[in-house]
Every structure is written in C-alpha cells, then in structure tokens.
Amino acid sequence: MPVSMPATASKPVRTSRKPSILIVGLRERQRGLCEARLSDAASLRYLFTVGGNGRTLPQADRVYLLTRFVNHALVNHITSDLPRATIVSHRGGLPTLVARIANDLGVANGTDC
C-alpha cells in the first residue's frame, strides 16, 4: 500500500494514494535513477531552476532540496513559497538522496540505485 508523508508527521502514514515528492536540484540525466528506484512508491516531480519571472512550484507532500547543487535564489524561492515542514534539506549526493527518500517512504533497499 502506498505511503503518504504528512508535513507534520515524522513517520509515514498508509493511504490509498502515492505521496507526491518534489526533488529540487537534480539534473535531467540523474532522474532515471530516482525513477527506477522510487516511482512505484511515490509520484516524483523535479525542479532544477526557476525562470527570471518566478515560477509556480509544483505541489508536493514532501520536497527534497539538494542544497549543494542549487543556487540561493532557488532555495529562497522554495523556502518562501512552500510550508517549511514539507522541506527536507539534503547535503549529500544522489545515492544517499535515494536511500533517504526510500527510507522515508518505507521502501526496502533504498540504496539499490
């Protein structure tokens, strides 16, 4: 059964829909690794940059922000537009990100990418 991650809960809660996850900071060629490992458990969305006129951010149950790979303007845009409790700052790389999301979703073997 899919797992939903409410903003205020630290543990996943079982629901009938897949949670939506926004991953900020991955380049397009890196997305396949996340899709292969996590797409059965969550609806994945990606954002790498915002345009000069700003951009409406996709709605998501949880946002994973790769802080080492995004510029400050994007970080500021995300933290000002989205509820703080839904944002997870991640300083590691892709393998640790996938493992972290898999763990949060309750998916086994999150390091399989």
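These remarks concern the structure in this document.

The rules behind the values
- Residues numbered from 1 in each chain as written.
- Predicted model: local features only at pLDDT ≥ 70, side-chain atom pairs only at ≥ 80, totals over all residues.
- Heavy atoms only, no water.
- Buried < 20%, exposed > 50% of the residue type's maximum accessible area, 1.4 Å probe, protein only.
- Helix = DSSP H or I, 4+ residues; strand = E, 2+ residues; numbered from the N terminus.
- Arc of directions from axis to C-beta.
- Contact = heavy atoms within 4.5 Å.
- Pairing = 2+ DSSP bridges.
- Axes fitted to C-alpha atoms, helices over the stretch in contact; angles between N-to-C directions.

Looking at helix α1 (residues 31-38), one finds that the buried residues are Cys34, Arg37 and Leu38. Projection of α1 onto a plane perpendicular to its axis shows the buried side chains occupying an angular sector of 75°, all on one side. Contact partners of the buried residues in α1: β3 (20-24), β4 (43-47) and α3 (94-105).

Taken together, the four strands give an open sheet; going across it, the order is β4-β3-β5-β6, and neighbouring strands pair in parallel fashion. The open sheet has two edge strands with one neighbour each: β4 and β6 (87-90). Neighbouring strand axes in the sheet, compared pairwise and without regard to direction, differ in orientation by 20° on average. Note that β3 and strand β5 (residues 62-66) share four bridges and pair parallel. Among the inter-strand pairings, Ile23 is bridged to a residue of β5, identified as Tyr64. In this fold α3 packs onto β3, β5 and β6, with an angle of close to 160° to the strand it touches most, β5.

These figures capture arrangement, not role.
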